[in-house]
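Here's the letter readout for the chains.
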2 protein chains.
Amino acid sequence: MSLPTFDDVHAASERIQPFVHRTPIVNSSLLDAWLGHQVFFKLECLQRTGAFKLRGATNVLAWLKEQDQLPERIVANSSGNHAQAIAYAAALFDIPATIFSTQNVSRVKAAATEYYGAQLKLFTTRPEADEAVKMAAEEPGTLWIPPFNHAQIIAGQGTAALEALQDLKQVDGVFAPCGGGGLLSGTLLATKALCPEAEVIGAEPLAANDAANSLRTGEIVSLEGPAQTLADGAATPSVGDLTFPLLQQLDGFYEVDEVQIAYWTQWLQHLLKIHVEPTCAMTMAAVVGWLQERPQPSKALVIISGGNIDAAKMQQIWSTDYLDQPPVL
Amino acid sequence: MSLPTFDDVHAASERIQPFVHRTPIVNSSLLDAWLGHQVFFKLECLQRTGAFKLRGATNVLAWLKEQDQLPERIVANSSGNHAQAIAYAAALFDIPATIFSTQNVSRVKAAATEYYGAQLKLFTTRPEADEAVKMAAEEPGTLWIPPFNHAQIIAGQGTAALEALQDLKQVDGVFAPCGGGGLLSGTLLATKALCPEAEVIGAEPLAANDAANSLRTGEIVSLEGPAQTLADGAATPSVGDLTFPLLQQLDGFYEVDEVQIAYWTQWLQHLLKIHVEPTCAMTMAAVVGWLQERPQPSKALVIISGGNIDAAKMQQIWSTDYLDQPPVL
């Protein structure tokens, strides 16, 4: 499969318009005053299903529909935002969907996935779930929608940045978190076409830094085991062969420790009054690192990827009071 | 001073339009499916300064300006949303403001109040701060803006419900939390004029139930000491002589325990992806109590009063996992 281009992102944005919200962009005048720069946030946590993932999922299905190639059934393996997006998108196209996940999936995520109309099959371990989805995908008429390593998924995820750049016109830097790299590489395609002078910068948890290691070594490196990080949306074991060549074109990449992830989750929830996931709040550590190198007032765009956080993570995030230390540059 | 009327709310809505956001109204399709009813949320946490309080504060000053009676300086006593609203509103009208508060005010609230341009005077105890503001208010040219017991404050706070009812047209019930009663009595004025068939219902923490006791006994009763509740915005010692006669016209009033307050704060943050204060999330316990008595599908409006929560409160709210128990009716 060939790499997606900006044309794919642009086509995706027209294609998915009936299915997704054009999410709002907000800023915090207090944060801007403290930083001495402007930071704009594209709120994909207010997207349907609570995350940007619906963009890629609906794009794949709408693209197949254009070619009259919609499948009879859909399968996917995920315990997170991808599962909910697939469940919701499959229902939009009236296709039965089955999500393969593990028994420790939170009850709230399971309830949402089932509410959107998908069947949920639970397994003891992740490898068992992954094996089961592979077998299910062999049945004729079945489409297995991967979470990021698919040209139309990448193109769909890039539509968040495309919309934001249409609205903001000019920015100096665009920031997104990196899990498998779907959102970040789609963001790169959109930005380099619409605002070529802007830098595109990624962020990843230091505790799950496979993408940083891959960029350093020039080949795709996997995590050695399950990662322990607040930024669970960025704990993906490795990037994909479609996302990696795009990630190699980034202008910068930051690895963020767990204290910084908790710090920025608290501050973005407080300042924006939005229930922001650690995975995207993390990106603010990259923004600050980047701004510190820029003497002139600059304009950053951050893609806030989602707002699905379980109670255990919220407890961890708020266990130390970081609101006592304002982010003054 | 005479009681405010709907005409005052209507005049306030025209008057404050240049100064406040017309905040969005959202709902959760998942919550609506679980409840079997529709619940709409007016998001005053996305108001400037993070709470509805700016409506009353700007209304007082704009109303004085119409009569060419703006003061030379403004004082107020508060450690919460009222302080930030007064600081912001005073700056809009270019009037110096001083906020009298206690030393335990959170650093983040202090920083915001000072960022908005007000001077902050800190005292060891609340009675000392209250005494100091009273003395400061005696200086000629000084206006002391109270948090709720003022006709133009009540009228201003009522504009949130007015906007929401203009947008939604018809609802069956309107819900707001009760601290001093400014928001709730303004909401009553707006609703009884614009949607007279709708019931207006208040909610208060069981641990700070002075308003419920006042309504039961028919006279204003004060709390005996400082209240321990997650819903700090509703921990006001007593309602006022302007709000009480309006509160007596309510169609219902609920007292909510701390578990219910934490439960609904978790669920509203999760479902709406909004950083909702316990003080307003509490109101959902009243909504559910009311809906349980209504066999026919009904439409409720909840005024989400604010989103300013300190880290200690967030830690308390998330210390137990309530997301494991979906709010299914």
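Bear in mind that the values here come from a model prediction, so they are computed numbers and not experimental data. (Residues numbered from 1 in each chain as written. Chains lettered and ligands numbered in written order. Predicted model: local features only at pLDDT ≥ 70, side-chain atom pairs only at ≥ 80, totals over all residues. Heavy atoms only, no water.)

A. A look at the packing of helix H12 (residues 258–272) of chain A against helix H14 (residues 283–291) of chain A. All names here are of chain A. Interaxial distance between H12 and H14 falls to 8 Å at its minimum, and their mutual angle equals 95 degrees. When the interaxial angle is binned, H12 and H14 end up roughly perpendicular. On the side of H12, the interface is formed by Gln 260, Trp 264 and Leu 268, while H14 contributes Met 284, Ala 285 and Val 288. Taken together, the residues that form the contact of H12 with H14 break down as five nonpolar, one polar and no charged. (Axes fitted to C-alpha atoms, helices over the stretch in contact; angles between N-to-C directions. Helix = DSSP H or I, 4+ residues; strand = E, 2+ residues; numbered from the N terminus. Parallel < 35°, antiparallel > 145°, perpendicular 65-115°, else oblique. Contact = heavy atoms within 4.5 Å. Nonpolar A, V, L, I, M, F, W, Y, C, P; charged D, E, K, R; others polar.)

B. Summary view of the sheet that holds strand S5 (residues 119–123) of chain B. Residues and elements named next belong to chain B. Taken together, four strands build an open sheet; the order of strands is S5-S4-S3-S6 and the sheet is parallel. Of all strands in the sheet, those with a lone pairing partner are S5 and strand S6 (142–144), marking the two edges. Averaged over all pairs of adjacent strands, the angle between strand axes in this sheet comes to 25 degrees, irrespective of strand direction. Packing of helix H6 (residues 126–137) onto the sheet brings it into contact with strand S3 (73–77), strand S4 (97–102), S5 and S6, and relative to S3 it is tilted by some 160 degrees. (Pairing = 2+ DSSP bridges.)

C. The environment of Ala 190 of chain A, seen in detail. Residue and element names in this part refer to chain A. Take Ala 190: it is sitting in helix H9 (residues 182–194). The spatial distance from the C-alpha of Ala 190 to the C-alpha of Ala 161 is 6.2 Å, given a sequence separation of 29 residues. Apart from the residues lying within four places of it in its own chain, the contact partners of Ala 190 are Phe 6, Val 9, Gly 158, Ala 161, Leu 162 and Leu 165.

D. Structural detail: the interface of chain A and chain B. Facing the 33 residues of chain A at the interface are 33 residues of chain B. At the boundary of chain A with chain B, total buried surface from both sides reaches about 2800 Å², with 66% on carbon and sulfur atoms. Summed over the shared surface of chain A and chain B, the result is eight residue pairs in polar contact (both at pLDDT 80 or more). Counting only elements with at least two residues in the side of chain A that touches chain B, the list comes to helix H2 (29–35), helix H5 (107–115), H12 and helix H15 (311–317) of chain A. Looking at the side of chain A that touches chain B, its residues break down into 18 nonpolar, ten polar and five charged. (Buried area = accessible area lost by both parts, 1.4 Å probe. Polar contact = N/O pair within 3.5 Å; in protein donor to acceptor, adjacent residues only side chain to side chain.)

E. Region of the structure containing empty space enclosed by the protein. Residue and element names in this part refer to chain A. The tally for this structure, following the rule as stated, stands at two cavities of 30 Å³ or more. Within this model, the largest cavity holds a volume of roughly 40 Å³. Around the largest cavity, the lining residues are Ser 78, Ser 79, Gly 80, Ala 83, Ile 99, Ser 101, Val 105, Lys 109, Ala 110, Thr 113 and Leu 120. At the level of elements, strand S4 (97–102) and H5 are the ones that each hand at least two residues to the lining of the largest cavity. (1 Å grid on protein atoms, 1.4 Å probe; cavity = no way out; pocket = protein on both sides within 12 Å on 5 of 7 lines; lining within 4 Å. Points joined across faces, edges and corners; volume = space filled by probe spheres on them.)

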